[in-house]
Amino acid sequence: MRGRDREWRRVEELFRTLRQGGTGTLLVDGEPGVGKSRLLEEAAEAAPRHGIGVIRGSVQEFGELVPCGFLLEALGLPFEAESVGSPAHLLDYLTKGFEERAGAPVLAVIDDLHRAEPATLKTVCVLHDRLRTRSVGWLLSGSAAENNAWAPCLFGPLERNGAARVTLGPLSPKAVAELAADLLGKAPDPTTRALLAGAGGNPLLIIELLAGLRDETRLDASGDAMPRDHVPARLRTVVRRWTDALGGDARSLVETVAVLGGPLPVEQAASLLGTTPAGLLCAIGEATAAGILDVTERGLAFRYELVGTVTATWVPPPIRDALLSQSGALTDPGPAGAPFTASAAAVHTAIADGRLEEAENMIRERLAGDLSAQHVAELRCLLSDVLYRTGRGEEAIHEAGSVLALPARPHHVRDRAVAVRLYAMTRLRDDHVRAYAEEIVEGESGYGPAVTAAALTALATIERDEGRLSNAFALAGDAWRLSGMDGPDERRYEACLTIAAMLVDVRDLDAARAMLQQARTDMLAHDHPVWAADVAALEARAEFAAGRFDGAVAEARRAMSLAAAHNTPPAAEVAGGVLAAVALRRGDLREATRRVAAPAEGSGEAHARRSLLAAQVTEARDGPRGAMTLLTDLWGPLRQPSPLLAVDPTVSAWMVRAAMGAGDRSTAESIVATAEALDHASPGFRTLAASAAHARGLLYGDREALTLAAGQIEDPWAQASAKEDLGVVLKAAGEQQEAVASLDQALAIYHDIGSTRDAARVRRRLRGLGVRRRHWHHTPRPPSGWNSLTETEDAVALLAVDGWTNRQIAEQMFLSVHTVAFHLRHVYRKLGINSRVELTRLAVAQGRAGPDGSHRRNYTDGGCDSPVRGQGSER
C-alpha cells in the first residue's frame, strides 16, 4: 500500500470501532486504477488478524442476475425463489444471513458498487440501516468517474448518516518510485522514471506498464527499461477498456485529442469533429467524468499522459495523417527547405548560434501558449537539445523520451529527439546505450543519416571505453562521413569531436589538430559557434599532451570564456581539468587542489578524468596511500583499472608507481596486465605499446622495457618519466654513469616543457648521485621587499603562508629541512619581519595570497617523494 498511509489509518479506525462492539462505514471512491480494489483487498486480509470476520463481495462487471447476488454468494446463502422473489423477502433473507454471522464483529467488504443497478444499491442501503445495532462494519467502494454509475445515490445518503469517506488520488512521486522499486527489485533508472512520469501517479497504469515491459522482455537483466518506443499489450488492454466504455462521440473526441496532442483548444476540437463547442458538451462531460480528459485553460488534455500515448496507437495511420492535415499541423517546409516551422525555426537558429539560454527562454515562453501538436513536438524536441548541450543529460533524456511518446511528431522531430537521446545516454554512459544504438544501426526503422551517425558515435565511444581502439576509430570515421549527408547541420560535430578526443588520447596530435582545425573552419563557414568551446577545450588537451603548457592554459581559458558565453558547462569541465593538470605539473598544488575539489558533473568520462586527477593531486600532497584509496573507489568492487586506462592510457605507469608506493603489489600487477591487454586488443597504436612497456618496466625493474618505452612514447612528459624511471633502475644496478645520463635527459625534457615540480625531483636524484645541476638564473632584484626574493625563496614563503611546516615544505620541494630554514631566514631579512604571522599578513596585504592564505603564484619547485618514487603529476 505505497502512498496510502492516510487512507489505511481510516481502515484501522474502523477496525478499532468494530472490536469495541460498535459499527461504522467507510466509503472509498476515486478514479479508475487508483487502487480502490487493492485497498479493500488489504483490509479484507487484515481484518481476521484483528478478530473481525469478513463478508466479501464484488459487483460483477455486467451487473447481477438478481439484486445483491454477490451478497448471497458471499454469505453462502442458496438461491431460493421464495426467498428472493420480492424485495421484502430478499431483505429478510440477507438480514438473517448477516445476523447469523454477527455474533462477533464482522466487516462487509463490497467492491465496484458503481456497476450495481438501483435495486441492488437500494437493498444495500436498507440492509445497512437494519443492521445498525449489530457489530457490523461496512467497507464500500465505487467510482464516481464511471458513466451511468448509481453509486453516488448510495454514498450520498450513507455519508449524511455518518459514514466516513476517503477519495483516493494519484500517488506522490516518492510513492511512485517506491512502487516501481517493489516491482523491479531496485530503484528505477532515469529511462524508467521517464516512462513512469506519463502515468501521472495512477497505480494501475504503473503496474501494467512495468509488468507489461517485463512480460515482453522490454526490461534488461538489471530491471531497467530498454529505451524503445513500445506500448505493452496489457497496458493497451487497460486503456482500451476505459475508452470502450465511452459513447461514440466521447470516444471520437478522446482519440482526436490523442492524435493531435494536448492541450487541444475546444474550438479546434469542435471544428475537427464537425460540430460546435456547445455540441461537444456531452462528450466532454462524459470523457472528463470517466477520468480520461481534463478541461484546462488551454484546452482539452489527458489526465494521464500515458493514456493519450496508448490511445493514439490504435488510431489507423491514414486517419491520423488526415487529422493532422485537417488541423493544419503539417505545414509547408518553405522554399528554403527548412524542416522546422516558423514557430521553431528561430529557436533552432538560436541554438546553432550558441544562444542557448535565450533559446530555452523562447521555448518555455512559447510552450505556455496555444500551439498545434507539431509545434509542441518541435519545441520540446529543441528543448531536449538545449538541455543536453547545457550539461543536463538526464533531463534531456526525459524530454526527448516525452517527444518520442507524442503521436504528432514529424520525422525530422523524431530523428532529432532520438539523436539527442543517444548523445545524452552516451555522455552519461547509460547501461542501455549499446542496445539502443545497435537497434538503430541494425534495424529498418527509417531513421535519417544523422540518427545513424549518432548511433555509430555512441558505439565508437563504447568501443573506446572498452579498449578496442581500432573498432572505435572505424565506427567514429563512419559516423563523421555519414553525418555530412544531411547538409551542414551543427549536429555532425559530435562525431568530429569524438574522433579528435580519441586522437589526443593516443597522442596522434597532428591528426587531432587537423581534425579540430577542420571543425573550426567549418563552424565559421556555416555560422555554428555553439561547438566553439568544445573545440577550444580539446585543443587545450592537445597542447597539454604536447608539453606546451602555456598554450594549454591559453586554450583552456578561451574554452572557459566561450563556455560561459554559450552556457555549455561540459566544455568548461574539460578546460578546468586541463588547468588543474597544468597547475599540478608546475607544482601549484593549491590551485590544482582547488580545481579538482568540486565533483565532476555531466559525463561519465568527465567524472573519470576528474577522479583520476584528484588522485594524482592527493598523491602529490599526501602520498600514494591516499591516492590508492581514491583509485580503488573509482574502480569499484571488481578493482578493475581498465576504465581509467581507456580514458588515458599514459597513466598506467603512474598508477603502478602509486600502487607500489602504497605497498599494493597485486594491484600494480593488475594494472600492468590491463595495460598489456589494452595494447593487445588494439595493435598498431604506439602509445598503448609504450605505456604497457613503461608500466611493466617499472613493476619489474626491466631496463629493456623502460628503454623501449622511452623510445616509443610520443608524449614528452611521459617520455621524461620513462627516462627518469630508467635512471632509477640503472642506479640500483650500480651503473652510475648511465643513470646520470638518463636522469639528465629526463631533467632536460622536464625543464623544456616547464614541469618544474618533476625537474626538482630529478635534481634531487642527481644530487644523490653526487651531481648538482644549476636551475637558477640571475635576475636583477631590489635589495628588499617581496620582489627581492628569489624564485625558491618565493615558493618557500608561499608554502609557509599556506601553513606548511618546514618538514612538509622540504618534502614537497625536495630540499633538506635545514635548507628550508635557511631560505626562510633570508625571506624574513628581506621583508623586515620576524615570524610566519607577519609573513602571512604581508602576503595578504600585498595581494600575494587571499584572505584565507591561498597564494596566487606558482611554486618553482614542489612535490613529494613516495617510498618508491614520489611523483604527483599525471604520471
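See the structure shown above.
In every chain, residue numbers begin from 1 and rise along the written sequence. For a predicted model such as this one, the threshold for reporting local features is a pLDDT of at least 70, and the threshold for listing and counting side-chain atom pairs is 80 or more; totals across whole chains, interfaces and linings nevertheless cover every residue. Just so you know, side-chain values use all the structure's heavy atoms and leave hydrogens and water out.

A.B. asks: Would you mind showing me how to read the overall build of the protein chain here?
C.D. replies: Comment: elements are numbered from the N terminus, with helices defined as DSSP H or I runs of at least four residues and strands as E runs of at least two. In terms of helices and strands, the protein chain carries 44 helices and 7 strands. In the protein chain, buried positions account for 56% of the 875 residues. For the protein chain, the accessible surface area stands at approximately 36100 Å², while carbon and sulfur atoms represent 52% of it. Note on classification: 1.4 Å probe, protein chains only; a residue is buried when its accessible area is under 20% of the maximum for its type, exposed when over 50%, partly exposed between these limits. With residues, only the protein chains shown are counted as cover, and all accessible areas are computed by Shrake-Rupley using a 1.4 Å probe.

A.B. asks: So what exactly am I meant to see when it comes to the pattern of salt bridges here?
C.D. replies: For side chains bearing opposite charge, pairing can occur when the charged atoms are close. Salt bridges are defined by distance alone: a side-chain nitrogen of Lys or Arg within 4 Å of a carboxyl oxygen of Asp or Glu. Under the defined criterion, the tally for this structure stands at 58 salt bridges. The partner of Arg 364 in a salt bridge is Glu 360, with the nearest N and O atoms 3.1 Å apart. Here Arg 364 pairs with Glu 360, and both are found in helix H18 (residues 356-367), just 4 residues apart, close to one helical turn. The class for Arg 364 is partly exposed, based on a relative accessible area of 41%. A residue is classified by how much of its surface remains accessible, and Glu 360, at 12% relative accessible area, is buried. The residue Asp 505 makes a salt bridge to Arg 609 at a minimum N-O spacing of 2.9 Å. Of this pair, Asp 505 sits in helix H25 (residues 493-505) while Arg 609 sits in helix H31 (residues 604-622), placing them 104 residues apart in sequence. With relative accessibility at 3%, the residue Asp 505 sits in the buried group. We classify Arg 609 as partly exposed; its relative accessible area is 22%.

A.B. asks: Would you explain the environment of Gly 261 in this entry?
C.D. replies: Relative to the assigned elements, Gly 261 resides in the loop between helix H12 (248-260) and helix H13 (266-272). The buried category is assigned to Gly 261, whose relative accessible area is 17%. Considered as a pair, Gly 261 and Leu 406 are 145 residues apart in the sequence and their alpha carbons are 6.8 Å apart.

A.B. asks: I would appreciate a short explanation of the packing of helix H21 (residues 411-427) against helix H23 (residues 449-465) in the present structure.
C.D. replies: Running from N to C, H21 and H23 cross one another at 10 degrees; their axes reach a closest spacing of 9 Å. It follows that H21 is roughly parallel to H23 by the angle criterion. Contacts between H21 and H23 involve Asp 415, Val 418, Ala 419, Leu 422, Tyr 423 and Thr 426 from the former and Val 451, Ala 453, Ala 454, Ala 455, Thr 457, Ala 458 and Thr 461 from the latter. Split into classes, the residues belonging to the contact of H21 with H23 amount to 9 nonpolar, 3 polar and 1 charged. Only the stretch in contact is used when fitting a helix axis, every axis being a line fitted to C-alpha atoms; angles between N-to-C directions are given from 0 to 180 degrees. Any angle that falls under 35 degrees is termed roughly parallel, while one over 145 is termed roughly antiparallel, one within 65 to 115 roughly perpendicular, and all others oblique. A contact between two residues is defined here by any heavy atoms of the two lying within 4.5 Å. All amino acids are sorted into three groups, where Ala, Val, Leu, Ile, Met, Phe, Trp, Tyr, Cys and Pro are nonpolar, Asp, Glu, Lys and Arg are charged, and the leftover types, Gly among them, are polar.

A.B. asks: Help me understand the packing of aromatic side chains in this model?
C.D. replies: Between two aromatic rings, the relevant description is the distance of the centres plus the angle of the planes. Working definition: a ring pair exists when centres of Phe, Tyr or Trp rings (six-membered ring for Trp) sit within 6.5 Å. Plane angles under 30 degrees give stacked, over 60 give edge-to-face, the rest tilted. Tallying each qualifying case throughout the model produces 5 aromatic pairs. With 5.7 Å between their ring centres and 20 degrees between their planes, Phe 473 and Phe 685 make a pair best called stacked. Taken as a pair, Phe 473 in helix H24 (residues 469-483) and Phe 685 in the loop between helix H35 (665-681) and helix H36 (686-700) lie far apart in primary sequence, 212 residues in all. Look at Phe 685 and you get buried, because its relative accessible area is 18%. Consider the rings of Phe 544 and Phe 549, whose centres lie 5.5 Å apart with planes at 20 degrees: the pair is stacked. Pair check on accessibility: Phe 544 and Phe 549 agree, each one buried. Consider the ring centre and the ring normal. A charge sits over the ring if Lys NZ or Arg CZ is within 6 Å of that centre and within 35 degrees of that normal. Geometry around Trp 314 places Arg 240 over its ring, the cationic atom sitting 4.4 Å from the centre. Of note, Arg 585 hangs over the ring of Trp 717, and the distance from its end group to the ring centre comes to 3.9 Å.

A.B. asks: How should the sheet that holds strand S2 (residues 53-58) be read in this particular structure?
C.D. replies: The strands that make up a sheet pair up through hydrogen bonds in the backbone, lying either parallel or antiparallel. Two strands qualify as a pair provided DSSP detects at least 2 bridges between them. Here 5 strands make up an open sheet; going across it, the order is S2-S3-S4-S1-S5 and the pairing parallel. Every other strand in the sheet has two partners, leaving S2 and strand S5 (164-168) as the edge strands with one partner each. Within this sheet the neighbouring strands show an average axis-to-axis angle of 15 degrees, counted without direction. Relative to strand S4 (residues 136-142), strand S3 (residues 106-111) is paired through 5 bridges, and the arrangement is parallel. Across the sheet, Ile 110 pairs through a bridge with Leu 140, a residue of S4. Across the face of the sheet, helix H1 (residues 5-19) comes into contact with strand S1 (24-30), S3, S4 and S5 while running at roughly 155 degrees to S5.

A.B. asks: I'm lost on the nonpolar core in this one. Help?
C.D. replies: Side chains that are nonpolar tend, in soluble globular proteins, to be buried together. Only buried residues count toward a nonpolar core. Its members are Ala, Val, Leu, Ile, Met, Phe, Trp, Tyr and Cys residues joined through side-chain atoms within 4.5 Å. Ranked by internal contacts, the top residues of the largest apolar core, which has 78 residues, are Val 347, Ile 363, Leu 422 and Phe 473. In terms of residue count, the dominant contributor to this core is H25 (10 residues). When residues no more than four places from it in sequence are discounted, the contact partners of Phe 473 are Ile 499, Met 502, Leu 503, Val 506 and Phe 685. The next biggest cluster of nonpolar side chains, apart from the first, holds 72 residues, and it includes Ala 540, Ala 693, Leu 766 and Leu 799.

A.B. asks: Where do I start with unusual backbone geometry in this structure?
C.D. replies: For residues that are not glycine, phi is negative in most cases, and the peptide bond is trans in most cases. Even without being a glycine, Asp 112 presents a positive backbone phi close to 60 degrees. Tracing the backbone shows Asp 112 in the loop between S3 and helix H6 (118-130). Overall, the relative accessible area of 11% leaves Asp 112 in the buried class. Its identity is not glycine, yet Arg 429 carries a phi of approximately 55 degrees, on the positive side. Residue placement: Arg 429 occurs in the loop between H21 and helix H22 (433-442). Arg 429 sits in the partly exposed class, given a relative accessible area of 26%.

A.B. asks: Honestly, the environment of Ala 301 in this entry has me stumped. Any pointers?
C.D. replies: Mapped onto the elements of the fold, Ala 301 is located in strand S7 (residues 299-302). Beyond its immediate stretch of four places on either side in the chain, Ala 301 contacts Pro 263, Ile 292, Leu 293, Asp 294 and Thr 296.

A.B. asks: Would you mind showing me how to read the pairing of S5 here?
C.D. replies: Residues in a regular strand project their side chains so that they alternate between the two faces of the sheet. Burial along S5 is one-sided: the residues Ala 164, Val 166 and Leu 168 are buried and none of Arg 165 and Thr 167 is. As defined by bridge partners, S1 adjoins S5 across 5 bridges and the pair is classed as parallel. Paired with Leu 27 across the bridge in S5 is Arg 165.

A.B. asks: What is the right way to look at helix H41 (residues 791-801) in this model?
C.D. replies: Think of an α-helix as 3.6 residues a turn; residues three or four steps apart then line up on the same face. The element H41 is largely enclosed, with a buried count of 10 among its 11 residues. Looking only at H41, the buried set comprises Thr 792, Glu 793, Asp 794, Ala 795, Val 796, Ala 797, Leu 798, Leu 799, Ala 800 and Val 801. Those residues of H41 hidden inside the fold are in contact with helix H42 (806-813), helix H43 (817-831) and helix H44 (836-845). Just beyond H41, the residue with positive phi is Gly 803, at close to 95 degrees.

A.B. asks: I keep staring at the packing of helix H34 (residues 652-661) against H36 and nothing clicks. Help me out?
C.D. replies: Relative orientation and spacing of two packed helices are given, respectively, by the angle between their axes and the distance between those axes. Relative to each other, H34 and H36 sit at 20 degrees, their axes nearing to 8 Å. Classified by the interaxial angle, the pair formed by H34 and H36 is roughly parallel. Crossing hand, H34 versus H36: right-handed. Note on element contacts: H36 touches H34 through Ser 691, His 694, Ala 695, Leu 698 and Leu 699, opposite Ser 652, Ala 653, Val 656, Arg 657 and Met 660. Of the residues that constitute the contact of H34 with H36, the class distribution is 6 nonpolar, 3 polar and 1 charged. Each helix crossing is assigned a hand: it is left-handed if the near helix lies turned anticlockwise from the far helix by less than a right angle, otherwise right-handed if that turn is clockwise.

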